[in-house]
Amino acid sequence: MCVANVLVTTAVFMLLPYQMQLLEHFGHQQLESALAVSLFAVGMFLPGPFNAHMVDAFSRKTVSQLSVLLFFVSCVIMEFSRLEWLFMLLRIFQGACFGTFQMSLGSTLVNDLTFSEQRTSADYFYTWFGLFGLPFGIMTGHVVLIHFGPHVLFLAIVCSLLLAWMLLFLLRVPFRAPVKTPLLSTDRFLFIHSFVLMVNLFPVAMIPTMYLGCLQQVQPMLMMLYGLIGGLLVHRILFSHTDPRADAVSGLLMILTSSVMILNPAGYDFMKTAFLLMGIGVSWFCSRLLLYFLKLSGHCQRGTLQQTYILVLITGNCLGFFLGYVVPNVFILTIIVTVFSLFFYIFVAHKWFMRKNVRNFRFRET
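The sections below set out a description of the structure shown in this document. Please read all numbers here as calculations on a predicted model, not as lab measurements. (Residues numbered from 1 in each chain as written. Predicted model: local features only at pLDDT ≥ 70, side-chain atom pairs only at ≥ 80, totals over all residues. Heavy atoms only, no water.)

## Some remarks on the overall build of the protein chain
Right, on to step 1. The helix and strand tally for the protein chain stands at 14 helices and 0 strands.
Right, on to step 2. Its helices and strands in sequence order give the protein chain the pattern α-α-α-α-α-α-α-α-α-α-α-α-α-α, from N to C terminus.
Right, on to step 3. Compactness check: the protein chain gives a C-alpha radius of gyration of 20 Å against a globular reference of 21 Å for 366 residues, within 12% of the reference.
Right, on to step 4. Across its three principal directions, the C-alpha atoms of the protein chain cover 50 × 45 × 30 Å.
Right, on to step 5. Per-residue burial for the protein chain yields a buried fraction of 58% across its 366 residues.
Right, on to step 6. Long-range pairs, those at least 24 residues apart, make up 86% of the contacts in the protein chain between residues at least 6 apart in sequence. (Helix = DSSP H or I, 4+ residues; strand = E, 2+ residues; numbered from the N terminus. Rg over C-alpha atoms; globule rule 2.2 N^0.38 Å. Buried < 20%, exposed > 50% of the residue type's maximum accessible area, 1.4 Å probe, protein only. Contact = heavy atoms within 4.5 Å.)

Have a look at this one:
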């Protein structure tokens with residue numbers, strides 16, 4: 001399931017350079033193209049009110065497989081169609097497919113097929129496998145587009161989706177009796193009461209794609225990927241038994257440091273180090289916020305909070321990609337956003353969470 005997640009997420013972010021070039025053929029400027037590509041975030045919210053009903057009325061595995069298959073079909077139509085209005089609709093449709101995929105797999109099957117004492121670790125790793133797809137997808141998309149062209153990139157995208165579909169096909173999912181949920185609800189969609197954490201997570205989620213969108217260079221993406229992987233490994237070792245504020249504050253300070261380094265570069269190696277630090281910082285902060293979201297969950301609310309976290313994270317990524325083309329100096333904006341997130345976390349989010357925490361676990365549920 002984790003591998004299927006990273007394959008689909010990689011395909012989503014490989015689409016960014018592919019679709020940007022496609023829109024340039026339509027004669028759009030980069031600003032208009034970035035806005036059109038960011039319509040993906042709008043689509044992610046459209047099926048949300050129907051989420052709980054879908055996985056109750058239909059097989060959870062079928063919903064997950066169908067969402068990937070429809071995503072694949074939309075990519076094929078986009079490759080052979082040159083209608084601008086159809087491109088916009090397909091972009092929204094792809095967002096809806098991805099949102100349904102994350103709900104049916106990450107917020108439902110991962111928890112349903114995992115023992116209760118292992119669900120926190122399962123949710124943790126599932127989410128982070130998906131996040132690795134962000135820099136890896138954009139980096140792969142740029143490399144393939146530059147060296148092999150858009151048609152080869154299209155093949156890479158659809159092959160990634162087909163491989164994810166095949167992995168889902170191999171899943172064995174036991175039958176579950178329906179519980180007759182209402183057609184419309186916020187279950188498995190949005191946990192409105194986590195609004196404070198959403199405000200804290202959203203700005204940080206914008207930062208990686210703000211840089212990757214405006215720089216369009218392979219090396220920074222690669223270093224950020226190394227930082228995400230290294231930060232995840234170190235996080236599990238260093239912060240499993242420390243104050244919960246340690247990793248979040250350290251991560252934000254690392255992002256702030258890397259932003260200052262990028263603003264005043266002293267050489268190419270200096271720049272690579274900055275993006276490595278940024279990847280580590282993002283991984284530490286987002287890891288802590290993920291555990292905060294999970295700890296807010298009461299009975300049968302884990303899937304809803306998991307989906308809320310993913311929606312906020314990907315929406316922030318899409319807006320950051322758009323801002324990377326809009327804002328003249330993303331370096332200054334990143335510093336402002338990071339400082340805001342740091343003070344908001346220390347003086348608002350953490351104190352609010354300590355009052356609302358209903359579960360007492362770190363990496364393993366008790």
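## Let's talk about the packing of helix α6 (residues 84-112) against helix α13 (residues 302-326)
Right, on to step 1. Where α6 contacts α13, the axes come no closer than 9 Å and their chain directions differ by 145°. Classified by chirality, the crossing of α13 by α6 is right-handed. Seen from α6, the contacting residues are Phe98, Gly99, Gln102, Met103, Gly106, Ser107 and Asn111; seen from α13, they are Arg302, Gly303, Gln306, Gln307, Ile310 and Ile314.
Right, on to step 2. Considering only residue class, the contact of α6 with α13 consists of 4 nonpolar, 8 polar and 1 charged. (Axes fitted to C-alpha atoms, helices over the stretch in contact; angles between N-to-C directions. Left-handed = near helix turned anticlockwise from the far one by under 90°. Nonpolar A, V, L, I, M, F, W, Y, C, P; charged D, E, K, R; others polar.)

## As for the nonpolar core
Right, on to step 1. Within the largest apolar cluster, 113 residues are counted, with the highest numbers of intra-cluster contacts made by Phe71, Phe98, Trp128, Ile157, Leu161 and Tyr309.
Right, on to step 2. Beyond its immediate sequence surroundings of up to four residues, tyrosine 309 is in contact with Thr127, Leu201, Cys286, Leu289, Leu290 and Phe293. (Core = buried A, V, L, I, M, F, W, Y, C linked by side-chain atoms within 4.5 Å.)

## Here's the deal with the packing of helix α1 (residues 2-25) against helix α7 (residues 119-148)
Right, on to step 1. Running from N to C, α1 and α7 point in directions that differ by 35°, and their axes come no closer than 7 Å. Seen along the crossing, α1 lies across α7 with a hand that is right-handed.
Right, on to step 2. Of the residues belonging to the contact of α1 with α7, the class tally is 14 nonpolar, 10 polar and no charged.

## A word on unusual backbone geometry
Right, on to step 1. Of note, arginine 188 is a non-glycine position whose phi angle comes to about 60°, a positive value.
Right, on to step 2. Here arginine 188 shows up in the loop between α8 (150-169) and α9 (195-215).
Right, on to step 3. Here arginine 188 falls in the buried class, since its relative accessible area comes to 16%.

## Considerations on α7
Right, on to step 1. For α7, built from 30 residues, the straight-helix expectation of 44 Å at 1.5 Å per residue is met to within 8% by its first-to-last C-alpha distance of 41 Å.
Right, on to step 2. The sharpest bend along α7 comes to roughly 30°, located at proline 135.
Right, on to step 3. Counting buried residues along α7, 22 of its 30 residues qualify, which places the element largely inside the surrounding structure.
Right, on to step 4. Among the residues trailing α7, glycine 149 stands out with phi positive, at a value near 100°. (Expected span 1.5 Å × (residues − 1). Bend = angle between axes of the 7 residues up to and from the residue.)

## What to know about the side chain of serine 81
Right, on to step 1. Mapped onto the fold, serine 81 is located in the loop between α5 (60-80) and α6.
Right, on to step 2. Looking at serine 81, its side chain comes within polar contact range of the main-chain nitrogen of leucine 83, at 3.4 Å. (Polar contact = N/O pair within 3.5 Å; in protein donor to acceptor, adjacent residues only side chain to side chain.)

## Concerning the side chain of glutamate 79
Right, on to step 1. In this structure, glutamate 79 sits in helix α5.
Right, on to step 2. Not counting residues up to four positions away in its chain, the partners in contact with glutamate 79 are Tyr18, His151 and Phe154.

## Comments concerning the environment of tyrosine 124
Right, on to step 1. Relative to the helices and strands, tyrosine 124 is located in helix α7.
Right, on to step 2. Its relative accessible area of 0% is what places tyrosine 124 among the buried residues.
Right, on to step 3. The spacing of tyrosine 124 and methionine 210 is 86 residues in sequence and 24 Å in space, taken between C-alpha atoms.
Right, on to step 4. Polar side-chain contacts of tyrosine 124 include one of 3.3 Å to the side chain of serine 287.

## A few points about empty space enclosed by the protein
Right, on to step 1. Tallied over the entire structure, the rule returns 3 cavities of 30 Å³ or more.
Right, on to step 2. Of the volumes computed, that of the largest cavity is approximately 100 Å³.
Right, on to step 3. In terms of lining residues, the largest cavity is bounded by 13 residues, among which Thr127, Gly130, Leu131, Leu313 and Ile314 are the most central.
Right, on to step 4. At the level of elements, α1, α6, α7 and α13 are the ones that each hand at least two residues to the lining of the largest cavity.
Right, on to step 5. Here the lining of the largest cavity is built from residues that sort into 7 nonpolar, 6 polar and no charged.
Right, on to step 6. Considered as a void within the structure, the second largest cavity measures approximately 70 Å³ in volume.
Right, on to step 7. The wall of the second largest cavity is formed by Val12, Phe13, Leu16, Val37, Ser38, Phe40, Arg91, Ile314, Asn317, Cys318 and Phe321.
Right, on to step 8. With 4 residues, the top contributor of residues to the lining of the second largest cavity is α13.
Right, on to step 9. Tallied by class, the residues present in the lining of the second largest cavity amount to 8 nonpolar, 2 polar and 1 charged. (1 Å grid on protein atoms, 1.4 Å probe; cavity = no way out; pocket = protein on both sides within 12 Å on 5 of 7 lines; lining within 4 Å. Points joined across faces, edges and corners; volume = space filled by probe spheres on them.)

## Topic: the pattern of salt bridges
Right, on to step 1. Applying the stated rule across the entire model yields 4 salt bridges.
Right, on to step 2. For arginine 302, the salt bridge identified is with aspartate 123, shortest N-O distance 2.6 Å. You can see arginine 302 sitting in helix α13 and its partner aspartate 123 sitting in helix α7, a full 179 residues away along the chain.
Right, on to step 3. A residue is classified by how much of its surface remains accessible, and aspartate 123, at 0% relative accessible area, is buried. (Salt bridge = Lys/Arg side-chain N within 4 Å of Asp/Glu carboxyl O.)

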